[in-house]
Amino acid sequence: MSYKNMQNHRSKGPSGLLPGMADPERNFNVSSFIPRTQLWQPDLPPTGSLPSTVNLPPGLEYLSQLDLIIIHQQVELLGMILGTETSNKYEIKNNLGQRIYFAVEESICFNRTFCSTLRSCTLRITDTSGQEVITVNRPLRCNSCWCPCYLQELEIEAPPGTVVGYVAQKWDPFLPKFAIQNANKEDVLKIVGPCATCGCFGDVDFEVKTINEKLTIGKISKYWSGFVNNVFTNADNFGIHVPADLDVTVKAAMIGACFLLDFMFFEHSLAGL
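Here we summarise the structure given alongside this text. Source: prediction; values computed, not measured. (Residues numbered from 1 in each chain as written. Predicted model: local features only at pLDDT ≥ 70, side-chain atom pairs only at ≥ 80, totals over all residues. Heavy atoms only, no water.)

1. Quick notes on the pairing of strand S3 (residues 99-106)
Link 1 in the chain: In this sheet, S3 lies alongside strand S2 (residues 89-93) in antiparallel orientation, the contact comprising five bridges. Residue glutamate 91 lies in a different strand from S3, and its bridge partner there is phenylalanine 102.
Link 2 in the chain: Adjacent in sequence and paired antiparallel, S2 and S3 are bridged by five residues, among which glycine 97 carries a positive phi angle near 85°.
Link 3 in the chain: Sheet topology note: the S3/strand S4 (residues 121-127) ladder contains six bridges and is antiparallel. By the bridge assignment for S4, phenylalanine 102 is matched with threonine 126. (Pairing = 2+ DSSP bridges. Helix = DSSP H or I, 4+ residues; strand = E, 2+ residues; numbered from the N terminus.)

2. What about the side chain of threonine 249?
Link 1 in the chain: Here threonine 249 lies in helix H7 (residues 248-266).
Link 2 in the chain: Overall, threonine 249 belongs to the buried group, its relative accessible area being 19%.
Link 3 in the chain: Here the side chain of threonine 249 touches aspartate 247 through a polar contact of 2.2 Å, side chain to side chain.
Link 4 in the chain: In this structure threonine 249 touches Pro57 and Val164, once residues within four positions along its chain are discounted. (Buried < 20%, exposed > 50% of the residue type's maximum accessible area, 1.4 Å probe, protein only. Polar contact = N/O pair within 3.5 Å; in protein donor to acceptor, adjacent residues only side chain to side chain. Contact = heavy atoms within 4.5 Å.)

3. What to know about the sheet that holds strand S11 (residues 216-223)
Link 1 in the chain: An order of S1-S2-S3-S4-S5-S6-S7-S8-S9-S10-S11-S12 is seen for the 12 strands of this closed barrel, with the pairing classed as antiparallel. Averaged over all pairs of adjacent strands, the angle between strand axes in this sheet comes to 20°, irrespective of strand direction.
Link 2 in the chain: Note that strand S6 (residues 153-157) and strand S7 (residues 163-170) share five bridges and pair antiparallel. Counted as the bridge partner of isoleucine 156 is glycine 165 from S7.
Link 3 in the chain: Against the sheet, H7 makes contact with strand S1 (68-73), S2, S3, S4, strand S5 (132-138), S6, S7, strand S8 (177-182), strand S9 (187-192), strand S10 (204-209), S11 and strand S12 (237-241), and its axis sits at roughly 150° relative to S8, the strand it touches most. (Axes fitted to C-alpha atoms, helices over the stretch in contact; angles between N-to-C directions.)

Put into structure tokens, the structure is as follows:
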């Protein structure tokens with residue numbers, strides 16, 4: 001075949017196609033025959049992160065994707081009417097407002113009545129299927145700067161029965177300070193609050209810092225929810241802002257720290273007004 005004939009053969013292309021039209025055999029896409037639900041699976045982590053999520057505590061996989069955790073305390077109507085302390089309940093949500101966990105306080109009436117915000121209790125955190133994934137244990141302790149040897153402390157278990165970290169109050173004469181610790185009680189992060197935590201008509205931010213307190217990597221915010229809610233109810237709203245790649249056990253400890261901050265600085269009842 002001559003060179004001229006070869007050129008004519010190439011220019012003709014497949015029969016039945018206009019010049020410039022794409023060849024359907026060449027652009028055949030197998031994915032067009034696969035259901036869309038099999039192509040997009042948002043619940044699966046990125047391929048590169050799969051090895052790191054294999055050993056995560058069960059139920060905490062979802063925390064690995066979050067950089068904002070919202071905690072909403074449910075309003076207790078009985079406590080509003082009687083002015084008494086009832087067991088706290090919290091909804092834990094993602095940045096879209098979707099519930100991912102639910103936390104319920106377990107404590108006896110005697111402790112809630114006579115020990116008030118210092119009471120010992122256990123907070124059980126369950127996922128959307130009702131499976132308990134995190135347990136937060138709070139013993140009875142002091143919170144005064146005059147008792148530096150017996151300050152507040154929380155124990156974090158994930159799953160229940162396996163200790164993964166602690167939240168320990170640190171003595172400071174001026175600022176509220178806490179340490180996020182690992183299972184060996186070694187400091188991992190610090191939490192430093194403002195001198196005044198009343199939060200009159202504004203948010204209250206507790207900064208999350210590195211161990212040397214030189215770098216701020218996040219914050220725990222107590223959101224202002226209006227005069228009526230703040231004065232006449234115990235319903236508090238919090239936001240935990242942390243890096244998305246922070247270890248999930250540290251994020252679990254941050255949730256526990258948020259509960260502790262609520263007990264220590266923002267819990268009240270009508271009886272005390």
